[in-house]
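# Understanding the architecture of this molecule
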Amino acid sequence: MNDRPTKDCERCGRVITWRKKWERNWDAVRFCSDRCRRHRPGPADLQLEAAILGLLARRPRGGTICPSEAARAVGGVAWRDLMEPARSAARRLVAAGKAVITQQGRVVDPSAARGPIRVRSA
Ligand SMILES: [Zn+2]
């Protein structure tokens, strides 16, 4: 099981694990699901990544932020609509090696994390 190749979804940052149906086109697989394929990262998603990195840069070393802070920075009064996109942006930053996601102070697997998360520089 664990020797199957993996990659990170370009939309949501969750881990994609190799499946038999992809044996001919694994290199071309970029998204974990049809939903992610239809909602490719757009300008707001890139803004959320930049907002997370910007917020982290202003924190003391080792400081954390909540994804909602990035959602508020980008979305203004409509920030709630950006909560899941902000979590996805955080997962993409983890996949890029730029951040880690924590819960109760411990680094967690972004694909498996449920409930409130914090983001810290990698
Ligand atoms: Zn995905």
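Refer to the structure printed above.
Structure report, in brief. Remember, predicted model here, so these are calculated numbers, not experimental data.

### Thoughts on the packing of helix α3 (residues 67–75) against helix α4 (residues 83–95)
- The N-to-C vectors of α3 and α4 enclose an angle of 115°; their axes lie 8 Å apart at closest approach. Helix-helix and strand crossings are classified by hand; for α3 and α4 the assignment is right-handed. Each of Pro-67, Ser-68, Ala-70 and Ala-71 in α3 lies in contact with α4, whose residues at this interface are Met-83, Ala-86, Arg-87, Ala-89 and Ala-90.
- When grouped by side-chain class, the residues that make up the contact of α3 with α4 number 7 nonpolar, 1 polar and 1 charged.

### What about unusual backbone geometry?
- One non-glycine residue with positive phi stands out, namely Gln-104, at about 50°.
- Checked against the element boundaries, Gln-104 lands in the loop between β4 (99–103) and β5 (106–107).

### Brief notes about the packing of helix α2 (residues 43–57) against α3
- Taken N-terminus to C-terminus, the directions of α2 and α3 make an angle of 125°; their axes are 9 Å apart at the nearest point. Relative to α3, α2 is oriented oblique. α3 is crossed by α2, and the crossing has right-handed handedness. Contact with α2, carried on its side by Ala-44, Gln-47, Leu-48, Ala-51, Ile-52 and Leu-55, involves Glu-69, Ala-70, Ala-73 and Val-74 of α3 and no other residues of that element.
- For the contact of α2 with α3, a count of residues per class yields 8 nonpolar, 1 polar and 1 charged.

### Brief notes about the nonpolar core
- Core analysis: the largest hydrophobic core is formed by 17 residues, its most contacted members being Leu-48, Ile-52, Ala-70 and Ala-90.
- Other than its neighbours up to four places away in sequence, Ala-90 contacts Ile-52, Pro-67, Ala-99, Ile-101, Ile-117 and Val-119.

Calculation criteria
- Residues numbered from 1 in each chain as written.
- Predicted model: local features only at pLDDT ≥ 70, side-chain atom pairs only at ≥ 80, totals over all residues.
- Axes fitted to C-alpha atoms, helices over the stretch in contact; angles between N-to-C directions.
- Helix = DSSP H or I, 4+ residues; strand = E, 2+ residues; numbered from the N terminus.
- Left-handed = near helix turned anticlockwise from the far one by under 90°.
- Contact = placed C-beta atoms within 7 Å.
- Nonpolar A, V, L, I, M, F, W, Y, C, P; charged D, E, K, R; others polar.
- Parallel < 35°, antiparallel > 145°, perpendicular 65-115°, else oblique.
- Core = buried A, V, L, I, M, F, W, Y, C linked by C-beta atoms within 7 Å.
- Buried ≥ 20, exposed ≤ 12 C-beta atoms within 10 Å, placed from the backbone.

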